[in-house]
Amino acid sequence: MAVKASPEAIREMKKEIQTTIRDIERISSGIRSGVSATSNWNDAQAAQFSSLMQQIASLTSAPIDTLNAALPKLEKLAQSLDQYNRVKF
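Quantities reported herein were computed from a predicted structural model and do not represent experimental measurements.

> Sorry if this is basic, but what is going on with the nonpolar core here?
Generally speaking, soluble globular proteins have nonpolar side chains that are buried together. Membership of the largest hydrophobic core is limited to nine residues, which are I10, I17, I21, I24, I64, L71, L74, A78 and L81. Put simply, the parts of the chain that give this core at least two residues each are α1 (7–36) and α3 (63–86). Here the element with the most residues in this core is α3; it accounts for five residues.

Encoded structure:
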């Protein structure tokens, strides 16, 4: 029985996840900085807008912990595939 996965593909996936994490952080930061630019607004709708945008920023960044937790697991999988591929039958 052969394993049809490559460590290179797993490491490429890891790089893509790292890029996605950076993109998510940039988006969340952009939302938060946009909200801070409206801090001089002082009516009820501004408060609702600010609250909503803060929630969106939080929801946007919610998957970051899960993605970060997957990175070491992907590296471990790639290392396991490296070891498997070194075995000659």
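> How should the packing of aromatic side chains be read in this particular structure?
Aromatic rings in a pair are described by how distant their centres are and how their planes are angled relative to each other. Under the definition given, this model contains one aromatic pair. Aromatic side chains W41 and F49 sit 5.7 Å apart centroid to centroid with 45 degrees between the ring planes, which places their arrangement in the tilted category.

> Whenever I open this one, helix α2 (residues 44–61) confuses me. Can you help?
In an α-helix, one full turn covers 3.6 residues, which means residues spaced three or four apart are oriented alike. When the terminal C-alpha atoms of α2 are compared, their 26 Å separation across 18 residues agrees well with the 26 Å that a helix rising 1.5 Å per residue should span. Within α2 the residues assigned to the buried category are A46, M53 and A57. For α2, the buried positions fall inside an angular range of 40 degrees around the axis, keeping them on one side. Turned more than 90 degrees away from the buried face of α2 sit A44, Q45, Q48 and L59, all of them exposed. Buried residues along α2 sit against α1.

> How do you make sense of the packing of α1 against α2 when you look at a structure like this?
Helix packing geometry: the angle between the two helix axes and the distance between the axes. Where α1 contacts α2, the axes come no closer than 9 Å and their chain directions differ by 170 degrees. Here α1 lies roughly antiparallel to α2, going by the angle between them. For the pair α1 and α2, the contacting residues are I24, I27, S28, I31, R32 and V35 in the first and S50, M53, Q54, I56, A57, S58, T60 and S61 in the second. Across the contact of α1 with α2, the residue classes tally to seven nonpolar, six polar and one charged.

Definitions and cut-offs
- Residues numbered from 1 in each chain as written.
- Predicted model: local features only at pLDDT ≥ 70, side-chain atom pairs only at ≥ 80, totals over all residues.
- Heavy atoms only, no water.
- Core = buried A, V, L, I, M, F, W, Y, C linked by side-chain atoms within 4.5 Å.
- Buried < 20%, exposed > 50% of the residue type's maximum accessible area, 1.4 Å probe, protein only.
- Helix = DSSP H or I, 4+ residues; strand = E, 2+ residues; numbered from the N terminus.
- Phe/Tyr/Trp six-rings, centres within 6.5 Å; stacked < 30°, edge-to-face > 60°.
- Expected span 1.5 Å × (residues − 1).
- Arc of directions from axis to C-beta.
- Contact = heavy atoms within 4.5 Å.
- Axes fitted to C-alpha atoms, helices over the stretch in contact; angles between N-to-C directions.
- Parallel < 35°, antiparallel > 145°, perpendicular 65-115°, else oblique.
- Nonpolar A, V, L, I, M, F, W, Y, C, P; charged D, E, K, R; others polar.

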